[in-house]
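# A closer look at the structure
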Amino acid sequence: MVLAQTGHFRQAAEQVSVTQPALSAAIRQIEGNLGMRLFERTTHRVALTPAGQALLHHAKRLLTTAENAFADMRAAALDVASTVRIGAVPSMIAPVAQLLGQGSADKPVSAHLHDGKSDDLIAGLRTGAHDIVICVATIADPDFLAFPIVHDEMMALVSVDHPTLRGNQIPWRALSGAEIVHFAGGGIGELTTSALRQNGLVPSSRYQVDQLDSLYGLVLADLAVGIIPRLYARSLDVSRLRLIHLVRPTMRRPIKLLVRRQLANEHPVANAFAMRLADSLCTMIRQ
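An account of the accompanying structure is given in this report. Residues take numbers from 1 onward in each chain, read along the sequence in its written order. In view of the model being predicted, local features appear only for residues whose pLDDT reaches at least 70, and side-chain atom pairs are presented and counted only at 80 or more, with totals across whole chains, interfaces and linings using the full set of residues. The side-chain numbers reported here are obtained from all heavy atoms of the structure, hydrogens and water having been left aside.

Attention now goes to the overall build of the chain. What the chain contains, in helices and strands, is 10 helices and 11 strands. Each residue is placed in one exposure class: buried if its accessible area under a 1.4 Å probe, protein chains only, is under 20% of its type's maximum, exposed if it is over 50%, and partly exposed if it falls in between. Here the chain, with 287 residues, has 42% of them falling under the buried criterion. Throughout, a contact is declared for two residues whenever any of their heavy atoms are within 4.5 Å. In the chain, of all internal contacts separated by at least 6 residues, the share reaching a separation of at least 24 is 72%. Note on areas: Shrake-Rupley with a 1.4 Å probe; residue coverage comes only from the protein chains shown. Total accessible area on the chain stands at roughly 15,600 Å², and carbon and sulfur atoms take up 53% of it. Helical segments are the DSSP runs of H or I of at least four residues, strand segments are the runs of E of at least two, and each set is numbered from the N terminus.

Right, dumping it as structure tokens:
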């Protein structure tokens, strides 16, 4: 990895504290074992071959897994809490944090919790940076085991005194003529944009938001109708704002807990924790 980053044997050897001939020999041995060239060498620079580029993320995962494994072995030897690395989309941080705060009667774990976008979390799971991720997962991946948590419905958000939108359920077309605000990026943006297009609707050109508080502010002022996933409204002030089911079509994003298929062998404590976490999240969110 260091050689791929620097592009120079001398610089890479200095960074990993070995001699340049030793590094060159190690690379030749790896290439020999794999039966393919991983680097193209010139007099001025070293660059990854297509095969080397394809294998780079596997190398990153192995290094991260090795680092985590040494940390876990130290924890086991010292009989202290094992580290479990969890990544979650922002709308799932609160329920995960609530469960972590409740603790467990089993052997304690030291939970490291990070938020992020689904694509970034899945990439972190692939490289070993995360042991568990809770994210939007629409496509099955043979490298992961997936445990469904909830199908998170897209809802309209309005003020309690909105002059026209009433009831608990409306079709998307009922938003015609309204200033519609939603988060444009990621899976939320894709779902909302798809539903809007199907119904001949367009988002507001006057009001654009990236943050939940910004969306709330526009909705409270009756300047716009917000579109958000139901999970984003868990802490909603129901005295001032209300949710309305949007139908025709009903749009849902699948929230799943993912782990690597080999996690039970790589990190048994994290694997057992993931199974308990999946069950607890399902119970909590469906209440």
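Still to come is the rest of the account.
What helix 6 (residues 118–127) keeps buried is the set Ser-118, Leu-121, Ile-122, Gly-124 and Leu-125. Down the axis of helix 6, the smallest arc covering the buried residues is 160 degrees, so these residues share one side. For helix 6, the exposed residues lying more than 90 degrees away from the buried face are Asp-119 and Asp-120. Count one or two residues on from helix 6 and you reach Gly-128, which has phi positive near 95 degrees. What the arc describes is the spread of directions from the helix axis to the C-beta atoms.

The next thing to look at is the nonpolar core. Residues Met-92, Ile-132, Ile-134, Ile-149, Leu-257 and Leu-277 are the most contacted members of the largest nonpolar core, which totals 34 residues. Going through the elements one at a time, strand 3 (82–88), helix 5 (90–102), helix 6, strand 5 (132–136), strand 6 (144–159), strand 11 (252–260) and helix 10 (268–285) are the ones with two or more residues in this core. Broken down by element, the residue count for this core peaks at 9 residues, all from helix 10. If we skip the residues at most four places from it in the chain, Ile-134 touches Ile-86, Gly-87, Ala-88, Val-89, Met-92, Val-96, Leu-121, Ile-255, Lys-256, Leu-257, Leu-277 and Leu-281. If you look at the next biggest cluster of nonpolar residues, it comprises 33 residues, including Ile-170, Leu-175, Ala-224 and Leu-241. As used here, the term nonpolar core means buried Ala, Val, Leu, Ile, Met, Phe, Trp, Tyr and Cys residues forming a set that is joined through side-chain atoms within 4.5 Å.

Let us now look at a nonpolar patch on the surface. Surface patches are drawn from residues lacking salt bridges whose relative accessible area is over 30%; two like charges belong together within 9 Å, two nonpolar side chains (Val, Leu, Ile, Met, Phe, Trp, Tyr) within 5 Å. Any Lys or Arg side-chain nitrogen located within 4 Å of an Asp or Glu carboxyl oxygen qualifies as a salt bridge. On the surface, Ile-30, Leu-34 and Met-36 cluster together into a nonpolar patch covering about 240 Å² of accessible area. For Met-36, the location among the structural elements is in the loop between helix 3 (20–34) and strand 1 (39–41).

Okay, the side chain of Thr-192 next. With respect to the helices, strands and loops of the structure, Thr-192 is situated in helix 7 (residues 186–198). The contacts of Thr-192, once residues within four sequence positions are left out, are Met-154, Trp-172, His-182 and Ile-227.

Take unusual backbone geometry next. Cis geometry marks the peptide bond from Arg-248 to Pro-249, where omega comes out at 5 degrees. Its place among the elements puts Pro-249 in the loop between strand 10 (241–247) and strand 11. Phi at Asp-222 is positive, roughly 60 degrees, even though this residue is not glycine. Counting through the fold element by element, Asp-222 comes out in the loop between helix 8 (212–220) and strand 9 (225–229).

With respect to the helices and strands, the residue Arg-242 is situated in strand 10. Salt bridges are absent for the buried Arg-242, whose nearest opposite-charge side chain, Asp-161, sits at 7.7 Å. Each polar contact in these results corresponds to two N or O atoms within 3.5 Å; when the atoms are within protein, one needs to be able to donate a hydrogen and the other to accept it, and residues that are neighboring in sequence are counted only if both atoms are side-chain atoms. Here Gly-167 takes part through its backbone oxygen, which lies 3.3 Å from a polar atom of the side chain of Arg-242. Under the counting rule used here, the positive set is Lys and Arg, the negative set is Asp and Glu, and His together with the chain ends is not counted.

Looking now at the environment of Leu-38. Tracing the backbone through its elements, the reader meets Leu-38 in the loop between helix 3 and strand 1. Between the C-alpha atom of Leu-38 and that of Thr-49, which follows or precedes it by 11 residues, the distance is 5.3 Å.

An expected span of 1.5 Å times one less than the residue number is assigned to each helix. Spanning 18 residues, helix 10 covers 26 Å between terminal C-alpha atoms, matching the ideal 26 Å at 1.5 Å per step. Among the residues making up helix 10, those that are buried are Ala-270, Asn-271, Phe-273, Ala-274, Leu-277, Ala-278, Leu-281, Cys-282, Met-284 and Ile-285. All buried residues of helix 10 fall inside an arc of 165 degrees around its axis, so they share one side.

A packed helix pair is summarised by two numbers, namely the angle formed by the two axes and the spacing between the axes. Whenever a helix is involved, its axis is fitted only over the stretch in contact; in every case the axis is a line through C-alpha atoms, and angles between N-to-C directions fall within 0 to 180 degrees. Running from amino to carboxyl end, helix 5 crosses helix 10 at an angle of 115 degrees, the nearest separation of the two axes being 10 Å. Considering the angle they form, helix 5 stands roughly perpendicular to helix 10. By crossing handedness, the relation of helix 5 to helix 10 is classed as right-handed. Taking contact as the criterion, the partners of Met-92, Pro-95, Val-96, Gln-98, Leu-99 and Leu-100 in helix 5 are, on helix 10, Phe-273, Leu-277, Ser-280, Leu-281, Met-284 and Ile-285. Orientation categories follow fixed angle ranges, with anything under 35 degrees roughly parallel, anything over 145 roughly antiparallel, 65 to 115 roughly perpendicular, and all other angles oblique. The sense of a crossing depends on the near helix, which, turned anticlockwise from the far helix by less than a right angle, makes the crossing left-handed and, turned clockwise, makes it right-handed.

As a further point, take the pattern of salt bridges. The tally for this structure, following the rule as stated, stands at 7 salt bridges. For Glu-179, the salt bridge identified is with Arg-206, shortest N-O distance 3.8 Å. Of this pair, Glu-179 sits in the loop between strand 7 (169–171) and strand 8 (180–182) while Arg-206 sits in the loop between helix 7 and helix 8, and the two are 27 residues apart along the sequence. By relative accessible area, Glu-179 is classed as partly exposed at 24%. With its nearest N and O atoms 3.0 Å apart, the salt bridge here joins Glu-266 to Arg-260. It is possible to trace a salt-bridge network through shared partners that takes in Arg-85, Asp-131, Arg-260 and Glu-266.

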